[in-house]
Structure formats: structure tokens, C-alpha cells
Amino acid sequence: MPVNYLMPEYEVYRNPARCIACRACERQCANEVHHYDADLKAMVADDAKCVNCHRCVSLCPTRALKIVKSDHTFRENANWTGEAITEIYKQAATGGVLLSAMGNPKAFPIYWDKLLINASQVTNPPIDPLREPMETRTFLGKKSDTIRRDAQGNILCQGEPQLELKVPIMFSAMSYGSISYNAHASLARAAQALGTYYNTGEGGLHQDFYQYGANTIVQVASGRFGVFSDYLNAGAAIEIKMGQGAKPGIGGHLPGAKIVGDISRTRMIPEGSDAISPAPHHDIYSIEDLRQLVFSLKEATHYQKPVFVKIAAVHNVAAIASGIARSGADVICIDGFRGGTGAAPTRIRDNVGIPIELALASVDTRLREEGIRDQVGLVVGGSIRNAADVVKAIALGADAVYIATSALIALGCHLCRSCQSGKCNWGIATQRPELVKRLNPDVGSQRLVNLVTAWKHEIEEIMGGMGINSIEALRGNRMMLRGIGLTDRELSILGIRHAGE
Amino acid sequence: MLTIQASSRGYRELNEAITAAQDQDILLEGVLGQRFLGAGLSEKSLTIHGIPGNALGAYLDGARIHVCGNAQDATGDTMNDGQIIIDGSCGDAAGYAMRGGRIYIRGNAGYRAGIHMKAYQEKLPVMVIGGRAGSFLGEYQAGGIIIVLGLGEEGVPVGNFCGTGMHGGRIYLRTASLPADLPSQVAARQAEPADLEAIAPILEDYGRHFGLAAQDLEGKPFYVLEPNTQNPYHQLYTPN
Ligand code: SF4
Ligand code: SF4
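Remember, it's a predicted structure, so these values are computed and weren't measured experimentally.

Trainee: Can you help me understand the overall build of chain B in this one?
Mentor: Looking only at helices and strands, one finds two helices and twelve strands in chain B. Its C-alpha radius of gyration of 18 Å places chain B within 12% of the 18 Å reference for a compact globule of 240 residues. Across its three principal axes, chain B shows a C-alpha extent of roughly 55 × 55 × 30 Å. Counting the 240 residues in chain B, one finds 58% classified as buried. Entry remark: accessible area of chain B is about 9,200 Å², with carbon and sulfur atoms responsible for 48%.

Trainee: Just checking my understanding: could you explain the overall build of chain A for this structure?
Mentor: Regarding its fold elements, chain A presents 16 helices and 21 strands. Here the C-alpha radius of gyration of chain A, 24 Å, is about what a compact globule of 501 residues would show, namely 23 Å. With respect to the three principal axes, the spread of C-alpha positions in chain A is 90 × 60 × 45 Å. In chain A, 68% of the contacts between residues at least 6 apart in sequence involve partners at least 24 apart.

Trainee: Got a minute to help me understand the pairing of strand S16 (residues 331-335) of chain A in this structure?
Mentor: Side chains on a regular strand alternate between the two faces of the sheet. All names here are of chain A. For S16, a buried count of five out of five residues is recorded, marking the element as mostly surrounded by other parts of the structure. Burial of the side chains of S16 extends over both faces: Val 331, Cys 333 and Asp 335 are buried on one face and Ile 332 and Ile 334 on the other. Regarding topology, helix H8 (residues 317-325) serves as the crossover connection from strand S15 (residues 307-312) to the parallel S16, and that connection is right-handed. Summarising the sheet, S16 and strand S18 (residues 377-381) pair through five bridges and their orientation is parallel. Considered in S18, the bridge of Val 331 is made with Gly 377.

Trainee: Is there a simple way to explain the packing of aromatic side chains in this structure?
Mentor: Aromatic ring pairs: the centre-centre distance and the angle between the two ring planes describe each pair. Following the criterion strictly, the structure yields eleven aromatic pairs over all chains and no others. When the ring of Tyr 5 of chain A is compared with that of Tyr 89 of chain A, the centres are 4.7 Å apart and the planes differ by 45 degrees; the resulting orientation is tilted. With Tyr 5 of chain A in the segment before strand S1 (10-14) and Tyr 89 of chain A in helix H3 (residues 82-94), this pair connects stretches of sequence that are 84 residues apart. Taking relative accessible area as the criterion, Tyr 5 of chain A reaches 51% and is therefore assigned exposed. Seen from their ring centres, Tyr 104 of chain B and Tyr 206 of chain B are 5.3 Å apart, and the 80 degrees between their planes marks the pair as edge-to-face. Of this pair, Tyr 104 of chain B sits in strand S6 (residues 102-105) while Tyr 206 of chain B sits in helix H2 (residues 193-210); the two residues are 102 residues apart in sequence, bridging distant segments of the chain. Here the aromatic cluster, defined as three or more aromatic residues joined through ring pairs, consists of Tyr 176, Tyr 181, Phe 209 and Tyr 212 of chain A.

Trainee: Which parts of the structure should I look at to understand the interface of chain B and chain A?
Mentor: In this assembly, 39 residues from chain B lie in contact with 43 residues from chain A. Taken over both partners, the interface formed by chain B and chain A buries close to 3,600 Å², and the fraction arising from carbon and sulfur atoms is 56%. Area buried by chain B at its contact with chain A is led by Tyr 59, Tyr 120 and Asn 240 of chain B, which between them contribute 21% of it. At the junction of chain B with chain A, the criterion picks out one salt bridge. Of the charged contacts in the structure, one is a salt bridge between Arg 224 of chain A and Asp 77 of chain B, with a shortest N-O distance of 3.4 Å.

Trainee: Any chance you could explain the domain arrangement of chain A here in plain terms?
Mentor: Many structure descriptions define interface size as the accessible area lost when the parts assemble. Residue and element names in this part refer to chain A. Here chain A is described as being made up of domain 1 (10-96) and domain 2 (115-137 + 165-471). The straight-line distance from the C-alpha centre of domain 1 to that of domain 2 is 33 Å. The interface is formed by twelve residues belonging to domain 1 together with eleven residues belonging to domain 2. Regarding the contact of domain 1 and domain 2, the summed buried area is about 1,000 Å², with carbon and sulfur atoms giving 46% of it. For domain 1, the biggest contributors to the area lost against domain 2 are Ala 30, Cys 53 and Arg 55; these three give 48% of the whole. For the interface between domain 1 and domain 2, the tally reads one salt bridge.

Trainee: Looking at this structure, I do not really get the environment of Leu 60 of chain B. What am I missing?
Mentor: Residue and element names in this part refer to chain B. Inspection of the secondary structure assignment puts Leu 60 in the loop between strand S3 (45-51) and strand S4 (61-67). Through-space distance from the C-alpha of Leu 60 to that of Gly 76 is 6.6 Å; in sequence the pair is 16 residues apart. Beyond its immediate stretch of four places on either side in the chain, Leu 60 contacts Gly 38, Gly 40, Leu 41, Ile 65, Met 79, Asn 80, Asp 81, Gly 82, Gln 83 and Ile 84.

Trainee: Mind showing me how you'd approach a nonpolar patch on the surface here?
Mentor: Taken together, the side chains of Val 3, Tyr 5 and Leu 6 of chain A make up a nonpolar region of the molecular surface, amounting to roughly 320 Å² of accessible area. Looking at the element boundaries, Leu 6 of chain A is found in the segment before S1.

Trainee: It is not clear to me how the sheet that holds strand S17 (residues 344-345) of chain A should be interpreted in this structure. Could you clarify?
Mentor: Where strands meet in a sheet, backbone hydrogen bonds hold them as pairs that are either parallel or antiparallel. Read across the open sheet, the three strands follow the order S17(A)-S5(A)-S12(B); overall the sheet is mixed. The sheet is open, and its two borders are formed by S17 of chain A together with strand S12 (237-239) of chain B, each paired with just one other strand. Sheet topology note: the strand S5 (residues 97-100) of chain A/S12 of chain B ladder contains three bridges and is parallel. Bridge assignment links Val 97 of chain A to a residue of S12 of chain B, and that residue is Tyr 237 of chain B. Set on the sheet, H3 of chain A makes contact with S5 of chain A together with S12 of chain B; between it and S5 of chain A the angle comes to about 125 degrees.

Trainee: When you look at the packing of helix H4 (residues 181-194) of chain A against helix H14 (residues 441-466) of chain A in this model, what are you seeing that I'm missing?
Mentor: Each pair of packed helices can be summarised by the angle the axes make with each other and by the distance between the axes. Residue and element names in this part refer to chain A. Where H4 meets H14, the axes come as close as 8 Å, and the angle between the chain directions of the two elements is 45 degrees. If you check the angle between H4 and H14, you find them oblique. Handedness of the crossing formed by H4 with H14: right-handed. Contact residues: Asn 182, Ala 185, Ser 186, Leu 187, Arg 189, Ala 190, Ala 193 and Leu 194 in H4; Pro 441, Asp 442, Gly 444, Ser 445, Leu 448, Val 449, Val 452 and Thr 453 in H14. The residue makeup of the contact of H4 with H14, split by class, is nine nonpolar, five polar and two charged.

Trainee: Would you explain empty space enclosed by the protein in this entry?
Mentor: Remark: the empty space left among the atoms is shown by a probe the size of a water molecule rolled over them. Residues and elements named next belong to chain A. Taken as a whole and judged by the stated rule, the model has five cavities of 30 Å³ or more. If you go around the largest cavity, you meet 19 residues; those closest to its centre are Cys 416, Ser 418, Cys 419, Cys 424 and Ala 429. Classifying every residue of the lining of the largest cavity gives twelve nonpolar, five polar and two charged. Split by domain, the lining of the largest cavity shows at least three residues from each of two domains, domain 1 (10-96) and domain 2 (115-137 + 165-471).

Trainee: Can you walk me through the side chain of Lys 241 of chain A in this structure?
Mentor: Residues and elements named next belong to chain A. Positionally, Lys 241 belongs in strand S12 (residues 237-241). We classify Lys 241 as buried; its relative accessible area is 15%. Those residues in contact with Lys 241 that sit more than four places away from it in its chain are Glu 202, Gln 219, Val 220, Ala 221, His 281 and Lys 310.

What counts and how
- Residues numbered from 1 in each chain as written.
- Chains lettered and ligands numbered in written order.
- Predicted model: local features only at pLDDT ≥ 70, side-chain atom pairs only at ≥ 80, totals over all residues.
- Heavy atoms only, no water.
- Helix = DSSP H or I, 4+ residues; strand = E, 2+ residues; numbered from the N terminus.
- Rg over C-alpha atoms; globule rule 2.2 N^0.38 Å.
- Buried < 20%, exposed > 50% of the residue type's maximum accessible area, 1.4 Å probe, protein only.
- Areas by Shrake-Rupley, 256 points an atom, 1.4 Å probe, with all protein chains shown as cover.
- Contact = heavy atoms within 4.5 Å.
- Right-handed = clockwise from strand over helix to strand, strands pointing away.
- Pairing = 2+ DSSP bridges.
- Phe/Tyr/Trp six-rings, centres within 6.5 Å; stacked < 30°, edge-to-face > 60°.
- Buried area = accessible area lost by both parts, 1.4 Å probe.
- Salt bridge = Lys/Arg side-chain N within 4 Å of Asp/Glu carboxyl O.
- Domains from an automatic or database assignment.
- Patch = residues over 30% accessible without salt bridge, like charges linked within 9 Å, V, L, I, M, F, W, Y side chains within 5 Å.
- Axes fitted to C-alpha atoms, helices over the stretch in contact; angles between N-to-C directions.
- Parallel < 35°, antiparallel > 145°, perpendicular 65-115°, else oblique.
- Left-handed = near helix turned anticlockwise from the far one by under 90°.
- Nonpolar A, V, L, I, M, F, W, Y, C, P; charged D, E, K, R; others polar.
- 1 Å grid on protein atoms, 1.4 Å probe; cavity = no way out; pocket = protein on both sides within 12 Å on 5 of 7 lines; lining within 4 Å.
- Points joined across faces, edges and corners; volume = space filled by probe spheres on them.

Here it is, written out as C-alpha cells:
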């Protein structure tokens, strides 16, 4: 047997005084860590298989379990960390490209945490959201710059199509295939209850979810899976996916083994056939080509629906966004480098793209300078973790935010970052029926509603503190932000002053 | 048949007129490069005089479009059902990601024809190109049938990188010799009687449209290109 260079990252600690050998952990762990040893008459665990998802810990009736980080260590080395060494072992053993899941976990600066929010004192007093009306509603789409009237002088209100959001938070694209039926059901129902939208991702729209069409954004990606007239017309908006924050410049590849049953039906490809989304759209090589896709979608849906274009936050994002604004798109979505994913090459996820905070600020600035900011809505995602992040994003210039990782965490995701295995013990990133059923969409949708409702209250409170009573008045209001511990360059890109200024 | 004078009207207006028309048969006269004609259309039959612009019949869902001349780029983008018949040649990216229906081109097709064509259940898209196709024919093809007849062509009737990334479907080339640079994901062999039988009804239908007889297709053999299952399109990944 060849020597195994890989040591378990975690240890499953079982308190023998508490364990009653009920074997619940064995049933719960799809990674097959636990089993009952009849000779020992005790539960045993294979630490090497554990991904630290806490499923067994949460379900153990006697609280006998905990997962601890192994203190087994290499010789201390600030350069050759255990991680760096282990990754080489993995590649030397397999010759494979390292594949990871969820967002970039590296210790890059988190600019949200270096932004501080203003509050009113004495003059321009704060507003109490419990007493005063607070407007969290916002509209996504092109805003007209002229007022048009009919012959009688009445204002003509019919402008470009808009999406009405009761709260400036939407659920971003996650395909059926990368996440489960029950996860999609939870997102769809929650979007409807909240008066916001979820996004199909590029895997098509399951027949059962057409009923949530009014709260659905349907995605069109390079593979065009499940894209046909009914699909385009089913949603409230259409999103063209050009890129994704977790893997800018990289396409998708759902292996044939995962294309079974409903997934195959929804993507409209045969069972067992690989679902390959090429990195580029092979019909888009320029802004003019993008414009053509935007307008072909508008034609096919009779100009009833706003068309979004989603890109990853990359170095040249401001110029790209300016092009998109001129392509006829109604909304630009920018996904930061911390955005999640079901699977992405590790090196891409961890090294490509830029933080959403900087991308957002530079895009908003650029569009304003060019006088075209009102021609598009701006939605940002890529690790919005709480209500304060939402407020900061809007103050930096976003119309609304997309959340996905936060939404999955609300559904029970423990960020074990092993979605690519398809064995999500929480019933989210899996298609195994016995795992999918662990996520009850009644409970899931309620938890999502709870989360967004709580954030809405917090947003109202923060806005009230600033003496602002509507999202519209917060948008792009960078005077409400100050930076802390940032360089002049960072402050100038963010377009904000330092705390104390 | 309803005749619509197209020359001075934009694509949006034309498509609205097509949708609003009571007639099932519509003749568009004097088309001058208007894009998106027939986008998403599920019924009716359009005859086009003049040159339609890009993205003709995008997302087409059952309608029939007959172009009595040439078409431009992105014909039948993401087409789901229906028929597009082009008496002349067409530009690049014809039939991108099409899932159903048929595109018949009497002349040549530009670059990137049939990229990411797919098939699903009863849906089997077909594209027949009478002359030659440019480079990147059938890249990432996942299903359906692409036929290149090479009529009037001396050499190989396709450009470079034919079938790169192919992982489903079939390409039939009527040619004396195969392209020299076929990628490793593609397995090519001379067509057997069963292969030819499978496309006989398609060729008959195609011939009917363009007045071709069976003997017009004699003289050169057909080759079949299929994904090479020995060498599937995937990169080896290591979970991390
Ligand atoms: S993988 Fe999850 S369920 Fe399995 S042992 Fe580890 S923490 Fe428990
Ligand atoms: S979705 Fe599931 S597999 Fe993915 S990180 Fe969350 S708990 Fe782990």
C-alpha cells in the first residue's frame, strides 16, 4: 500500500461517557465517517473522511460529539504552510486540478469591515423606524431622464420595465443541479413571501417552480441549458451570465453522472450527458455582440422584462460595466471575488478577481462620470454577510444586493466547502434523495424569510439613525461612509473620506 | 398571404406586425438587415425577400422561416423548434445552442456553425449545410445532427477545429478526405449503411426544398464524426 501523505484535518471527538451508540451519526453522515464496531461494542470514526459539516454534532441526541481541528502539525513554516504542502501532495498523487467549493476563504482584506456608517446627532435628527414610515422598496431598471406627457399634459408613466423589490436583497443565481430541489423550493417561496426575487442559475427552471415566475429571474448562460420561449417568458427578468465571481473567465462543467432525472429534464439535455458551459459565449466577442443578445431576448419577450448582465469583478470592471450600460442592458450585476460556487478550480477561486467593494465603487463612479448611471440598475454580490454590508453597498452606489452564501447558511449550510462532492449532509448541494429530504422547504423558506426580514429591520434602523428614510436617498450617498485604516489610494477608489475627516 | 413592406421599418415594428398578423403566411418584402426577425415565434410561416439581419429566428419555437437569399450571423440562436430555410449562404454562429427544429442552408455557413447544439428527448436539432462550413463547426456539440454536403467543393468542406469539445450528437461530412486537424475528442469513420439510412429522410427533405436529387449526392463518401468515448472531454480534478 502506498504511503498516505494526507493527514486528517479534523478529529471527531466522541465523549464515551455520553455516547449511547444509537448510531444516529452513522445514519446522518453521507461521508461515512462513523460506524458501529460490533467487536468493540462502540462507535468508531474515520477522521480522514470528515469534512467538518457538523451534521452529526447537531443531530447527536446526547451531545456526545464535537469536531476539532487536528493539532497534528508540520514543522512551523510561515511560507510552506500545512495547506501549501498538502495541496502539493494531492496533486502529486493525482495529477489533477484542485477543485474547491464556496467562496474564496483566503485572508484578503474585507473592505466592508473597514467602512463605518454615519449617524445623525442634534441637527437633521435620526428617524425612529418604529414610528415613522421607512421605505425599503426599490426599483431595478433603466430610469428615464425626461418626463413625457400626453396631449392633455398628463405624465406618461410607461417607461422601461422595472423590477419592484420590497427589500433591496435578492437571492443570486444557484442552478438546480448545483443545489437541490428543496433548496430551490425554499428560495422561490421565500422570494415570493418577501416581495423579492430568486435566480434560477443556468440550469433551467423546474416545471414545479413556474408558479413562482413573478419572483424569478431566469438566467441565460453560455450553455443555454433549458432556455426556450416559455422559460424566458416565465420569469420577471432575464439575466445573461457572462461571468461569476468565484471563477471569472472559467466555464462550468456538471459531470454527466449528476445529470439524472429532473436535472436532465430541467436542463433539457439527456441523462448522463455532461453539461458543459463554455467559458465564453461563443457568439459574444464584443459589446455589440452582447447588445445583440440583450435585444434578441427583449424581442423574444416583447420588451416586457428587464435584462440583467452579470459579470465577475475583474481588474477592468469599470470600463466593462460602461460598455454593458451602453449595450441596452437594464441592470448590471457584479459578482465579487468572494462569491460562492458549487465547484471551482482552487487556484482560480483564490487568485482571480477583485473585492466587490472596490469594484462597486469604481463602477458607480465611472457610470456617474459618464452620465449613464441612470441608464442601468446596479446589483452587487459576492459575500454580503449582514445588513450592515447591505447598507454599505447601497451607500457605495448599488441599487440592491444579491445574496447566496448567506441564504444557504440560513438554510443550514455550515460552510464545510465540500459542495463539489455532491454529498451535502444538509440537503443543499446534493441530489441524493435521502439527503435532499433533510431540507424541509417549509422550514427553509421560513428561515430565509426570517433572515431577510431581520436584515430589513436592521437596515431601517441604520437608515433611521442616519436620518434617511428611503433606500433611494441612501443610494450612492458616500458621505454616509468613512474608512478606517485604509490608504489614500483605497479611500480614493472607494470615494470616501477617512474616519475623523 | 399577407405582404409586409419591410424596407423602412425597424425590427421591433416588424416583429410586432408579424405577431399581430391574422394570416399564417407572411411575406416580408424588401428586408434590409433588420435583426431578430421571428424571435421566439411559435407559429406562422415567414418568407423573406431581401437580407435579414443577425439573430434571425432566435429562440424560434415552431415557426417556419424561408429566406430567399442570404442570411447573416447568429441565425437560429438557441432555436427550440421550427424550420429555417436559407436559399443562399449564412454568416457566423448559425444554430448556436439549438435544441430542436431544422436549419437548411443551400450555400455555405460561416464560422462557428452549430456550436453547443444539443438534443433532448424527442427534440433532435438538424442543420444541413449544402456547401462548406467555416472553422469551429460543431464545437462543444452535445447532441443533434450536423450535415455538411460539400456540394461544389473540391477539398474538405469544413475549416479548422471541427468538433472541438464535442460530447454528443453527430456530424456528417460528405468529403473525400477528413480534416487534418480533428481533435482527440472526436472519433471519425466512414459512414455505414445504417448511418446513411438514419439521415436519408433528412436529405430527402433537404433535397425537396432545393430541388436536389439523390444522384447529386453521389461521388463522395460520407464520414461520421462522433464524440470519442475513449477520450471524454473532461479535466481530471482533485477535491481540495
Ligand atoms: S462529515 Fe459532517 S456528519 Fe460526517 S462526521 Fe464530519 S461533521 Fe459529522
Ligand atoms: S452547501 Fe452543503 S456541502 Fe456546501 S458548504 Fe454548505 S453544508 Fe457544505
